[in-house]
Amino acid sequence: MGINIKKYVDELKGKDIAAMFENDFLLTWEKNDDEINAVFTVADALRYLRENNISGRIFDSGLAVSLFRDNSTRTRFSFASAANYLGLTVQDLDEGKSQIAHGETVRETANMISFMADVIGIRDDMFIGKGNTYMREVAKSVQQGYDEGVLAQRPTLVNLQCDIDHPTQSMADMLHIIHHFGGVENLKGKKIAMSWAYSPSYGKPLSVPQGVIGLMTRFGMDVCLAHPKGYELMSETITIAENNARAGEGSFTKTNDMKEAFEEADIVYPKSWAPYEAMEKRTKLYEKDDSQGIKELEKELLKHNKEFVDWTCTEKMMNLTKDGVALYMHCLPADITGVSCEKGEVDAPVFNRYRELLYKEAGFKPYIIAAMMFLSKCKDPADMLKKIVSGGGIPRSL
Amino acid sequence: MGINIKKYVDELKGKDIAAMFENDFLLTWEKNDDEINAVFTVADALRYLRENNISGRIFDSGLAVSLFRDNSTRTRFSFASAANYLGLTVQDLDEGKSQIAHGETVRETANMISFMADVIGIRDDMFIGKGNTYMREVAKSVQQGYDEGVLAQRPTLVNLQCDIDHPTQSMADMLHIIHHFGGVENLKGKKIAMSWAYSPSYGKPLSVPQGVIGLMTRFGMDVCLAHPKGYELMSETITIAENNARAGEGSFTKTNDMKEAFEEADIVYPKSWAPYEAMEKRTKLYEKDDSQGIKELEKELLKHNKEFVDWTCTEKMMNLTKDGVALYMHCLPADITGVSCEKGEVDAPVFNRYRELLYKEAGFKPYIIAAMMFLSKCKDPADMLKKIVSGGGIPRSL
Amino acid sequence: MGINIKKYVDELKGKDIAAMFENDFLLTWEKNDDEINAVFTVADALRYLRENNISGRIFDSGLAVSLFRDNSTRTRFSFASAANYLGLTVQDLDEGKSQIAHGETVRETANMISFMADVIGIRDDMFIGKGNTYMREVAKSVQQGYDEGVLAQRPTLVNLQCDIDHPTQSMADMLHIIHHFGGVENLKGKKIAMSWAYSPSYGKPLSVPQGVIGLMTRFGMDVCLAHPKGYELMSETITIAENNARAGEGSFTKTNDMKEAFEEADIVYPKSWAPYEAMEKRTKLYEKDDSQGIKELEKELLKHNKEFVDWTCTEKMMNLTKDGVALYMHCLPADITGVSCEKGEVDAPVFNRYRELLYKEAGFKPYIIAAMMFLSKCKDPADMLKKIVSGGGIPRSL
């Protein structure tokens, strides 16, 4: 068998993706449909190449700077994997180790880390109104540095999760859906339930459900958002979902009834998150350094959560879905009843039945991130794919 | 002078090592003699190549994941060196930075870090009954992930020290012995004293002495294990040493007298460790989170240690050895009397006299680890060595 | 446009730089003028190559060990960038993660981390009389290890800031000056004011001003050191500056009047530092673990600083300089009045006016470090530059 990438090259032909070059990936809804689809195509192509032992190295050297302002295992490893496959070396900007905490401005730090950086990946999801704003400040700073001749190249940003969106997650989720249902052309009219679910923890980011409704509404699917009253998402992301649905000939509906969302669903995504207003309140408490207030809010939120302990993905709930076999999704780690907690987002038998598929869902993330990097660094991505395989390609391992 | 690797290639010929491919290295006694010797051969070959400025890169990209559940300098650097020489990039799974502490299951984490991982190195030596078990869970998890198509490749594990064995240490020690005595054929009948020694610290792992008696008994040597009563090793490792000695035409003896062990010894390895039963007790106290109990046990153990403060490697003790010039060994760092502590495992003059040799002993570890990786990733290791030098090889540095 | 490195190659011809090979870079005043200029030439050459997308990889593999005993963002990233561009992988020796804190001797650790290390970079600037001494111990240890055959190669050291000098900073600063004034031949008679400035923090290292007066006095400039009484630098560095000035046909003067220093200056470098004697006292307090004494010293020093709150770089001060347009310099981060503190080293309008130039000043550091590595690892640097571009060079990014 020879390496054949014609399919991927053809898919990229004529696409309106020129604006991706030397640009950032911050929110999926800032990207046009061609750009979104190009990420899927390149992710599939890179995966195909790596699984056929072809090196995807487009850099001989270079840094991929990572800045994680929240804990992370899978996104950290996905970023490291993507950078490594393309030939970049990860350099962590660890706020503990660095002088950032000592009052350096964002502009200065952004430039100081970027003299030889090709990519910057940032996770900053803890505080409403902060993460995405911070990323834009970094992007603006390095653009200015590049324009002024301070930086020899403009490092491009990848949003590894902010307060608004989690594009590497939602894109990996979407690519999983596309492969599961045999192509994007099969998704029209499919129902996906993005539902809140109970968790005994508090303060989980809103960016996963927001990212899901902001992206999945673009493929003609019927996206149903379900949550108890009080667990509203940021209103701007609701508007985006509504607009997307209208443009994409699908639908976007909201309900406060988990069952209604699950009924006849082809896909279910039950996951806990914190109420937007509580997160705004928390941000303000942190700004005032009001630890007493934070503790009280936490207690209040956990108590509030408990009122909805029956919002959980049981076999009974699964039976409501289309033929009882909807695709169960989660960004992991899930709070599994009787396993990681007494009562959680999902019952163990459901989770276990879908474990293999959940791991495969997660497995798309390194390639999604690599594709985002690839498309922002290659002027002609189709041509670069051809270059990579020219002469049979270079083996990744001897 | 040209590069000539015929010697190493010939040594690998006809060896029963097929089972090493895509397999883990967890305990030396799970490996047959050919496999053990192949590690030595490949370690020597890689060292020869590197010292002749030939690149040993068999990977264009790829991750070597490291998970250190205990502090480490030399093993961390050895692992990093080995990975780097073969072309892999180390990505630490730092439990502080990651979500592991938040209840992720081993199976899930093992898969999440492995989408692009070729090797996983784990140090988990703190608790009796835990470390090796954990490694096997990880190995089983990635095997399952590979079988189910979640992982494109099966990352192979290297045990960087567990509760039972410390194979990268004992193998480096053994290769040092082989070179020091001019070949494995000269070891028959040589006496090695693996002796407990006093240290003012507590809770040192048992895996070094266990690894030493489990491995050194395979080469026809007379292995003598010495320790005060109460400092017994895990009984299963004693059985292994006994069986090995019987099969290998050497001997394995035990004594509670350090002098007896040192008498006429060709090699001495005086080193502190904690009593097995105390370590078991400690594990249970940690499980119960009984910090008071842990403190009391610590006090008790230090007091117990003090009864054997004369178990130390003095010049007088060294004089008991064969012609007074036995090879002194240690895994480092040693507790040196008057240097790193008031009373320790070894007197400063003895240690200083052997310093150069001790450093050389440590210098085998990066190559042992590289060889373990090499043999688990190359289907035909002899052929791969030939590939590496084909056309004169690629220079490691210009 | 083709790649043309003739200029750089010619500059290296006939230079007395043979002693740099396999040698360390610890203090600028240990290097002869040819060696200092060779660093600038190679830094410029590597920058030219990288900005023209030529790979600077002279290593196929190898480790660059970093040991930061103080926080750092820009030096950490500069070191990582330099190592990466030349083909080395950074491995941090993190004292938190390692066993160093547990009493390992310097000699032992230096050897244990160096079996496959090509470069070691150390920042150790906290205690007077300690940092540089520590670096020399490491250098001696690896030299001994190499001589004894413990190490296959002698890793070379780069001083990333010690108690005496900060050569990567002063050299980057100097290269910035050279480029700003259009060549080293234009610097004769130029006045540079290295002045103390007020900061509300305490204990800032002396190595930046010491490095500056120790280096800048070599280029025929009039170097004026200004500080309040009590903020003296280490006397040995004063002697070096005096000797340099005499040899280089420039001058070195001292004053306790900031205005006098700024008058008709072509370059100003206002920056805070701690008084030498206080730092010596602090070192002793730390040695005695006298936390009460440390607190009192801190209070005393901050109070002492406050007496000189008017030592700050205002527009008014800048107006005193040559035509009011002196080049303002700083190693960053600066304490900016009204931005990072109430009263600081520089007024915001001055800082903002020079921001672009300050960032460019910082941008020389990765190349200075890369040049130091390059010159210590290449026997014939000019020939190596030619090798790098032979056949058009290898692209850094496809």
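Right, let's walk through the structure included here. Counting starts from 1 at the beginning of each chain's written sequence and moves along it residue by residue. Chain letters and ligand numbers both follow the written order, the letters beginning at A and the numbers at 1. In view of the model being predicted, local features appear only for residues whose pLDDT reaches at least 70, and side-chain atom pairs are presented and counted only at 80 or more, with totals across whole chains, interfaces and linings using the full set of residues. Neither water nor hydrogens contribute to the side-chain values; these are computed over all heavy atoms in the structure.

The next point concerns the relation of the copies chain A and chain B. In this comparison the copies share one frame, found by least squares on the C-alpha atoms of residues holding pLDDT of at least 70 in both. It takes a turn of 120° to lay chain A on chain B, together with a shift of 0.0 Å along the axis; the resulting RMSD is 0.0 Å. When the rotation and shift are considered jointly, the pair of chain copies conforms to a three-fold rotation axis. The C-alpha atom lying nearest the rotation axis in chain A is that of T89 of chain A; the distance is 4.7 Å. We call two residues contacting when some pair of their heavy atoms lies within 4.5 Å. Taken together, the interface assignments show that only 6% of the residues at the interface of chain A recur at the interface of chain B, consistent with different surfaces on the two copies.

Residues and elements named next belong to chain A. The buried label goes to any residue with under 20% of its type's maximum accessible area, the exposed label to any with over 50%, and the partly exposed label to all in between, with areas taken from a 1.4 Å probe on protein chains only. The helix and strand labels rest on DSSP assignments: H or I over at least four residues marks a helix, E over at least two residues marks a strand, and numbering proceeds from the N terminus. Taken across its five residues, strand β6 (residues 222–226) has four buried, putting it largely inside the fold. As paired strands, strand β5 (residues 191–196) and β6 are joined by five bridges and run parallel to one another. If you follow A193 over to β6, its bridge partner there is C224. Convention used here: a crossover is right-handed provided that the path from the first strand, over the helix, to the second strand proceeds clockwise when the strands point away from the viewer. For the handedness criterion, the β-α-β arrangement of β5, helix α7 (residues 207–216) and β6 is classed as right-handed. With five bridges joining them, β6 and strand β7 (residues 251–255) adopt parallel strand pairing. Among the inter-strand pairings, L225 is bridged to a residue of β7, identified as K254. Tracing the backbone out of β6, into helix α8 (residues 235–248) and back to the parallel element β7 gives a crossover that is right-handed. Strand pairing is defined by DSSP finding a minimum of two bridges between the two strands.

Another aspect to go through is the pairing of strand β1 (residues 63–68) of chain A. In summary, the side chains of a regular strand alternate between the two faces of the sheet. Residues and elements named next belong to chain A. Among the six residues of β1, six are classified as buried, and the element is accordingly described as predominantly covered. Alignment of β1 against strand β2 (residues 89–92), held across four bridges, turns out to be parallel. What sits directly across from A64, in β2, is V90. Remark: the β1/helix α3 (residues 74–86)/β2 crossover connection has right-handed handedness. By the bridge criterion, six bridges tie β1 to strand β3 (residues 117–123) in an arrangement that is parallel.

Right, let's talk about the packing of aromatic side chains for a bit. Residues and elements named next belong to chain C. Ring pairs shown here join Phe, Tyr and Trp side chains whose ring centres sit within 6.5 Å, with only the six-membered ring taken for Trp; geometry is labelled stacked below 30 degrees between planes, edge-to-face above 60, and tilted in between. Under the counting rule described, the total for this entry stands at 24 aromatic pairs over all chains. Aromatic pair W196 and F308: ring centres 6.2 Å apart, planes at 85°, arrangement edge-to-face. Of this pair, W196 sits in strand β5 (residues 191–196) while F308 sits in the loop between α11 (291–306) and α12 (315–319), and the two are 112 residues apart along the sequence. When its relative accessible area of 0% is taken as the criterion, W196 is described as buried.

This part takes up the relation of the copies chain B and chain C. Mapping chain B onto chain C calls for a rotation angle of 120° and an axial translation of 0.0 Å; the resulting RMSD is 0.0 Å. Counting the interface residues of chain B, we find that no more than 6% of their copies in chain C are interface residues as well, pointing to two distinct contact surfaces.

All names here are of chain A. Here, a salt bridge means any side-chain nitrogen of Lys or Arg that lies within 4 Å of a carboxyl oxygen of Asp or Glu. Under the definition given, this model contains 48 salt bridges over all chains. The partner of D92 in a salt bridge is R76, with the nearest N and O atoms 3.4 Å apart. Here R76 lies in helix α3 and D92 lies in strand β2, a separation of 16 residues in the sequence. E287 is the salt-bridge partner of K130, the closest N and O atoms lying 2.6 Å from each other. Remark: E287 occurs in helix α10 (residues 276–287) and K130 occurs in the loop between β3 and α5 (131–147); sequence separation between them is 157 residues.

The next point concerns the interface of chain A and chain B. Taken together, the contact between chain A and chain B spans 34 residues of the former and 36 residues of the latter. Here chain A and chain B share an interface that buries about 3,300 Å² over both sides, 54% of which is from carbon and sulfur atoms. Contact with chain B buries surface across chain A, with F77, Y359 and L398 of chain A losing the most and accounting together for 23% of the total. Where chain A touches chain B, the interface holds three salt bridges. Notably, a salt bridge pairs R396 of chain A with D118 of chain B, separated by 2.8 Å at the nearest N-O pair. Residues adjacent in sequence count toward polar contacts only when both atoms are side-chain atoms; beyond that, a polar contact is any pair of N or O atoms within 3.5 Å, and within protein one must be able to donate a hydrogen and the other to accept it. The tally of links between chain A and chain B comes to 12 residue pairs in polar contact (both at pLDDT 80 or more). Mapped onto the side of chain A that touches chain B, the elements with two or more residues apiece are α2 (33–51), α3, α13 (348–363) and α14 (365–377) of chain A. The term buried area means the drop in 1.4 Å probe accessible area that two parts suffer when joined, counted for both and summed.

What follows concerns the sheet that holds strand β3 (residues 117–124) of chain B. Residue and element names in this part refer to chain B. Across the sheet, four strands lie side by side as β2-β1-β3-β4; this open sheet has parallel pairing. This sheet does not close on itself; its edge strands, each paired only once, are β2 (89–92) and β4 (156–162). Mean inter-strand twist for the sheet, computed between neighbouring axes without regard to direction, equals 20°. Fitting a line to C-alpha atoms yields each axis, with helices limited to the stretch in contact; the angle taken between N-to-C directions then spans 0 to 180 degrees. Across the sheet, helix α14 (residues 365–377) is in contact with β3 and β4; its angle to β4 comes to roughly 150°.

As a further point, take helix α13 (residues 348–363) of chain B. Residues and elements named next belong to chain B. To estimate how far a helix should extend, the number of its residues minus one is multiplied by 1.5 Å. Helix length check: α13 (16 residues) gives 21 Å between terminal C-alpha atoms against 22 Å at 1.5 Å per residue, within 8%. Along α13, the helix axis deviates most sharply at R355, where the bend reaches about 60°. The set of residues buried in α13 consists of A348, V350, F351, Y354, R355, L358, Y359, E361, A362 and G363. The angle separating two fitted axes, one through the seven residues that finish at a residue and one through the seven that start at it, defines the bend at that residue.

All names here are of chain A. Checked against the element boundaries, S170 lands in helix α6 (residues 167–180). Residue class for S170 comes out buried when judged on its relative accessible area of 1%. Polar contacts involving the side chain of S170 include one to the main-chain carbonyl oxygen of P167, which spans 3.4 Å. Excluding its chain neighbours within four sequence positions, the residues that come into contact with S170 are T28, D165, G211, V212, L215 and M216.

Bringing the sheet that holds strand β3 (residues 117–123) of chain C into the picture now. To summarise the sheet geometry, strands pair through backbone hydrogen bonds and adopt either a parallel or an antiparallel arrangement. Residues and elements named next belong to chain C. A sheet is described by the order of its strands in space; here four strands give the open sequence β2-β1-β3-β4, paired in parallel fashion. Strands with a single pairing partner mark the edges of an open sheet, and in this sheet they are β2 (89–92) and β4 (156–159). Geometrically, the sheet is characterised by an average inter-axis angle of 25° between neighbouring strands, direction not taken into account. As defined by bridge partners, β3 adjoins β4 across four bridges and the pair is classed as parallel. Looking at β4, one finds that I122 is bridged to N159. Contacting β1 (63–68), β2 and β3, helix α3 (residues 74–86) runs over the sheet at an angle of about 175° to β1.

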